[in-house]
Amino acid sequence: MLSERRLEVLRAIVQDYVGTEEPVGSKALTERHKLGVSPATVRNDMAALEDEGFIAQPHTSAGRIPTDKGYRLFVDKLAGVKPLSAPERRAIQNFLDGAVDLDDVVGRTVRLLAQLTRQVAVVQYPSLTRSTVRHVELLALAPARLMLVVITDTGRVEQRHVDCPAPFGEASLADLRARLNSRVAGRRFSDVPQLVQDLPESFDRDDQGTVATVLATLLETLVEESEERLMIGGTANLTRFGHDFPLVIRPVLEALEEQVVLLKLLGEAKDPGMTVRIGHENVHEGLNSTSVVSVGYGSGGEAVAKLGVVGPTRMDYPGTMGAVRAVARYVGQILAES
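Residues numbered from 1 in each chain as written. Predicted model: local features only at pLDDT ≥ 70, side-chain atom pairs only at ≥ 80, totals over all residues. Heavy atoms only, no water.

Participant: Which parts of the structure should I look at to understand the pattern of salt bridges?
Facilitator: Here the idea is simple: oppositely charged side chains can pair when their charged atoms come close. For the structure on display, the rule yields 18 salt bridges. Here glutamate 281 makes a salt bridge to arginine 72, at a shortest N to O gap of 2.8 Å. Note that glutamate 281 is positioned in the loop between strand 8 (275-278) and strand 9 (290-297) and arginine 72 in helix 4 (residues 68-76), a separation of 209 residues in sequence. Here the residues in one salt-bridge network are Glu4, Glu8 and Arg11, joined through shared partners. (Salt bridge = Lys/Arg side-chain N within 4 Å of Asp/Glu carboxyl O. Helix = DSSP H or I, 4+ residues; strand = E, 2+ residues; numbered from the N terminus.)

Below you can see the structure in the form of structure tokens.
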């Protein structure tokens, strides 16, 4: 374990390097920070930190920079994240409150995160498998053609056309709509197949074929939409950090184009807590020079998806974590009110 003083020296090195982009020397540290010890002691502490792999010398200059291991300890020992100012919080609320539907909420969230953190923002759409059915609507388009509309608690709306095996009357349609909602409204999508499996048997023989067709379409919708979707924005922000990527920026950009990679990066939505992956903790080779900060969002205290940012390891971790957490909270409030 590092002594509290050496931890303080590491914190100072991280803060200075993130702020100045320049390797940090012992003289600059003692001038900028009230460490309460002599420059010689700071030099000894820096030598010990280097021996233990927390900082490194990038070239023959006197300065040192944090390693992935150093950033990891810095993040693990953070006393708290940097709260947003009142004007920033108001701006977030006003911007997100203007959203008209779920696509707009996700699009605005991506733009907002990218602007606030000046990194690449990634937002996963709420997953149907973790969502709840708010309402199922059935509309007659023709005597033997219906429209099925599924509305989720997160504001997702799924529409499907249903071609029925026989004409379906208005009374039967109203009956099916009522019975379907009584079984599935307020229930998890993952529970729906079991809840409706015996529904056709409770209808007249003439209507059973149509009821079974409607249910088959409903279940197909759940299967199709179990594939995760996400939106990404702010990739141009990476060009500001050209010197932070040791080789070239292309591997990072290529990795960001792969949806599977991004979903793995964000992690499981059922794990709603804040996750920070630093440098080589990211399994994908193209992202070894980046850090990923992600957190779950959702309504009613349950995460339905993740959002986060990707940037260089030389990141303002307290500020980025504070912004990601605040945006996730506001998005959750909007979903709860939608």
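Participant: Would you mind going over the sheet that holds strand 3 (residues 120-124) with me for this structure?
Facilitator: Within a beta sheet, neighbouring strands are joined by backbone hydrogen bonds and run either parallel or antiparallel to one another. With antiparallel pairing, five strands are arranged side by side in an open sheet as 7-3-10-9-8. Here the strands that pair on one side only, and so sit at the sheet edges, are strand 7 (230-233) and strand 8. Between one strand axis and the next, the sheet turns by 15° as a mean value, whatever way the strands run. Where strand 9 lies against strand 10 (residues 305-312), eight bridges are found, and the strand directions are antiparallel. Bridging from a neighbouring strand, tyrosine 297 pairs with alanine 305 of strand 10. Docked against the sheet, helix 12 (residues 317-337) engages strand 8, strand 9 and strand 10, running at close to 25° with respect to strand 9. (Pairing = 2+ DSSP bridges. Axes fitted to C-alpha atoms, helices over the stretch in contact; angles between N-to-C directions. Contact = heavy atoms within 4.5 Å.)

Participant: Mind showing me how you'd approach a positive patch on the surface here?
Facilitator: Together, Arg89, Arg90, Arg325 and Arg329 make up a positively charged patch on the protein surface. Mapped by element, the contributors of at least two residues to the positive patch are helix 5 (86-97) and helix 12. By the element assignment, arginine 89 lies in helix 5. (Patch = residues over 30% accessible without salt bridge, like charges linked within 9 Å, V, L, I, M, F, W, Y side chains within 5 Å. Areas by Shrake-Rupley, 256 points an atom, 1.4 Å probe, with all protein chains shown as cover. Lys, Arg positive; Asp, Glu negative; His and termini not counted. Charge placed at Lys NZ, Arg CZ, Asp CG, Glu CD.)

Participant: Got a minute to help me understand the sheet that holds strand 5 (residues 145-152) in this structure?
Facilitator: If you walk across this open sheet you meet the three strands as 4-5-6, and the pairing is antiparallel. Looking along the sheet, the strands with just one partner apiece sit at the ends: strand 4 (133-142) and strand 6 (157-163). On average, each strand axis in the sheet is tilted by 20° relative to the strand beside it, whichever way the strands run. Alignment of strand 5 against strand 6, held across seven bridges, turns out to be antiparallel. Across the sheet, residue leucine 146 finds its bridge partner in strand 6, namely valine 162. Helix 7 (residues 170-184) rests against strand 4 and strand 5 of the sheet, and its axis sits at about 165° to strand 4.

Participant: How should I be thinking about the pairing of strand 4 in this particular structure?
Facilitator: Within a regular strand, the side chains alternate between the two sheet faces. The sheet contact formed by strand 4 and strand 5 spans eight bridges and is antiparallel. The residue bridging alanine 140 from the neighbouring strand is leucine 146, located in strand 5. In this structure, the hairpin formed by strand 4 and strand 5 is closed by a connection of two residues.

So, to be careful, I would describe these as geometric facts and stop short of saying anything about function.
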